[in-house]
Structure formats: C-alpha cells, structure tokens
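# Understanding the architecture of this molecule
Each chain, letter by letter, is given below.
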Amino acid sequence: MEEHVNLIDTFAEFKESKSIDRETLMRILEDVFRAALIKKFGPDAQFSIVVNVDHGDLEIQHTLEIVEDGKVVDEANQIELSEAIKIEPDFEIGEEVLENIRLSDFARREILALRQNLSTKIMDYEKDVIFKKYENKIGETIVGEVNQVWRKEILVHDEDRVELVLPKSEQIPTDKYKKGDTIMAVVSNVEIIGSTPRITISRTSPVFLERLMEAEIPEINEGLITIKNCVRAPGERAKVLVDTYDDHIDPVGACVGMKGSRIHSIVRELRNENIDIINYTANKELLISRALSPAVISSIDIDEDSKKAYVYMKPDQVSMAIGKGGFNIRLASKLLGYEIEVYRDDIDKEEDVPLSEFADVFDQWVIDTFVNIGCDTAKSVLALSRNELIRRTDLEEETVDAMIAAINEELAK
C-alpha cells in the first residue's frame, strides 16, 4: 500500500535530522507503534517491537497463549490450537506463540494516524532539544546567516538552520543587513510561544560588547583583566570599567592594544561605537573623574546616602563632560551607580537663574536642548556666543535669539 511506503519514507526523513540521535528515534518509533497497537488490540495485549531505523523497517511480534479450540476468552492474549499449529505444527496447549504483525495488517486510517503521530512526536522532541540547547547558550555569541529582513525584525538561521530572531529594538541603529549576510549577536532570551521556541538575539546588549572583548583581548579571556561593568548607548558610545589584580598589567592599554589594534575590530563590529575603557579605582572621586573623561574636573562632592555626585568644572569643560546628546554623563552615571550633576565653578550661583525658570516662556524640549549642551543656567547660556549656541543646539536662529533676549530681560530685573 502507498501508505506503508509513506510510513517507511518517514523513517528516512527523521533519520537525517541532526537534532535527534538514533537511540532516541528508535524509542519514539517504538512508543508510537506501541500506542497504536494498544488502541487496536487493547491495553492487555503483549508485544515486542524491534525498529530498524537504518533500513526504515520494523518487526512486531504479538505474544499469544495457546488454548483449546473454542476456549478463547481473551482475543488480545489467546489463540486457538488449530490456528497456532498453522504457524508451527509442534505447538501444544499452554505454550506461547509469537505472531508477526505486518504493516499490511493496519488499515489505511491507522497508517495515516501512525504517520501523523510520529511526525508530531519528532517535531515536539526537536523543539525541546532546540529550547534546551539555546537556554544554555544565553549570554553567548552566535554567528548566523540572514534569511529574511522585515520591518520589525530579522530572521536568522544558525548552522543547523534553527531560526533566530533579531528584533529592531536589539539592532544597532545603523545596522543594515540583507538576505545572505553573516551576522554576529549574543543570545539574549529563549522562551516558548505556543509550542514553538522563540530565540531572541541582540546586538545592543552590553553582554555582546563583553563577549567581543573576551574574544579579542587575551588578558580578559584568561581572567587577568576583569570587566566590572559595561554600559552602552548602542551605535553611539559605550563605557567599560576594567580591573586587574596584576600590577604589571595596564588594563586600559591591554584592552586598547598597540595603536588601537585590539579595540578597532570591536568598534567596527559595533558600527563605529565609541568605546571608553576606564581603569577601576576604589577612590570614588578619581573614578568619577575618569568616567567623565575627556572633561577636566575642578572638584567633586559626593553624597553617599543619596548616591549623588556634584561635579564642578570650568565652563569650557561642561559640554565635554555631558557629551553629544548627553550620552557621556548618562553612561558615566549608569556605569558607576551615581546620579552625576555638573556645575560651573566660576559662576556666582546666587546671581544666576536656572534655565528651568523659563519653562513658562519656552517649550520643555527647547530648554532640554540647551541643558544637553551644558547650558542649564541663564549665565551659562550668555557665556557662549550667539553663533556657538546656534551651532551646538542646532536650533532655529529665531529660537536662540528669543532665549538670549529673555535671559537678558530676566537678569536686568
């Protein structure tokens, strides 16, 4: 029958699967056939099943007790003597006979049910194997091939054609991929949705940067240098806090390499993300100063209770401490666990006015734009020229002029 051939072909299909071993496949096949036999002959029937995965065939033997003719009370376990001697003439009452069950003994509907059940069992097993495999790979890097590029996510295949998902939120903003491209990321999450494992990978996770550094910098891989913390603004800037127990090792120099040779490949993989390597120290003031580099700090006051750091510096250093888009100071705060506030040490605060006082005149986003370039007070705005303010804020000339006019009017009062 054609169904029998299809069932045999099914064995061959699953035999080629890379995620299932031979013994497991034999066990699943045996379980599937045993369930079908119980349904066909009843739960008390006794069978021996031998599966030959390599050749795609199987041997099923039904164990029956020989009884007198007309004395059969349990067809699932008994056979009349007259039927038994057709198999072997020397059989006697009370002995057991092994009756071969062939695929042809199954009806068409039973064959189809067998094939469907087998397919389901194998698929469930393979899904479970994939889930367990990647559950143990969370935090590890993976290299795959881009299979599909959609608006909200990218579908990636690993070397075994397992599907991985790279959501838009886990892509570096400047990432551009097309089908067939090789992609590197870190496994960030594994979950079951419905009955299918969903494996999420990430290129924005700080763990991805840590794994890249482990791969490129032998001292980190060997444990001579440790990464104490790592924070990122993907595609823009990252800060990595490193330490070493070997006084003969310069952790920053080792991470950067000769002429930036070690860090360069990492920066390229992260789409030219600026990476600041910071040498750890127990001196909190020095650590904050290093984290805000290249800005030069005049003095620092730390409030350990509120975890706040008040940093004072010259006006020309403020914009460097804050950084483009505020990334430098935000990442420094996140890296060290302190809320860092920057102040100019040459401005008389009693005669100055916080820029927030102009919220009734300007939209908050306009005020935030000035704050992001280090101008959080009235006098700090006037400390820069009109053209410099226009260049740094990228605001309309009319908006900058209006802010300058409003500040002059307020200070005149």
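Relevant structure appears above.
Everything quoted here is computed from the prediction, not taken from an experiment.

### A look at the overall build of the chain
Across its full length, the chain holds 15 helices and 15 strands. The dimensions of the chain, computed from C-alpha atoms along their principal axes, are 120 × 55 × 45 Å. Relative to its 413 residues, the chain shows a buried fraction of 42%. The chain carries 51 positive and 83 negative side-chain charges, and their two centres are separated by 5 Å.

### Here's the deal with the layout of surface pockets
Approximately 250 Å³ is the volume found for the second largest pocket. Along its surface, the second largest pocket is lined by 15 residues, and Ile322, Ile329, Ile340, Val342 and Val371 are the ones closest to its centre. Only α10 (315-322), α11 (327-336), β15 (339-344) and α12 (364-372) provide two or more residues apiece to the lining of the second largest pocket. In terms of residues, the lining of the second largest pocket owes the most to one element, β15, which gives five residues. Split by residue class, the lining of the second largest pocket holds six nonpolar, four polar and five charged.

### A look at the sheet that holds β15
The strand order across the open sheet built from three strands is β13-β14-β15, with neighbouring strands paired in mixed fashion. Two strands bound the open sheet, and with one partner strand each, they are β13 (299-303) and β15. Taking the axes of each pair of neighbouring strands and ignoring which way they run, one obtains an average angle of 20 degrees across the sheet. Examined bridge by bridge, β13 and strand β14 (residues 308-313) share five bridges and lie antiparallel to one another. By the bridge assignment for β14, isoleucine 302 is matched with alanine 309. Each of β13, β14 and β15 is contacted by helix α9 (residues 284-291), which is oriented at about 115 degrees to β13, the strand it contacts most. Sheet strands in contact with α10 are β14 and β15, and its direction is about 140 degrees off that of β14.

Quick notes on the rules
Residues numbered from 1 in each chain as written. Predicted model: local features only at pLDDT ≥ 70, side-chain atom pairs only at ≥ 80, totals over all residues. Heavy atoms only, no water. Helix = DSSP H or I, 4+ residues; strand = E, 2+ residues; numbered from the N terminus. Buried < 20%, exposed > 50% of the residue type's maximum accessible area, 1.4 Å probe, protein only. Lys, Arg positive; Asp, Glu negative; His and termini not counted. Charge placed at Lys NZ, Arg CZ, Asp CG, Glu CD. 1 Å grid on protein atoms, 1.4 Å probe; cavity = no way out; pocket = protein on both sides within 12 Å on 5 of 7 lines; lining within 4 Å. Points joined across faces, edges and corners; volume = space filled by probe spheres on them. Nonpolar A, V, L, I, M, F, W, Y, C, P; charged D, E, K, R; others polar. Pairing = 2+ DSSP bridges. Axes fitted to C-alpha atoms, helices over the stretch in contact; angles between N-to-C directions. Contact = heavy atoms within 4.5 Å.

Just geometry here; none of it tells us what the structure is for.
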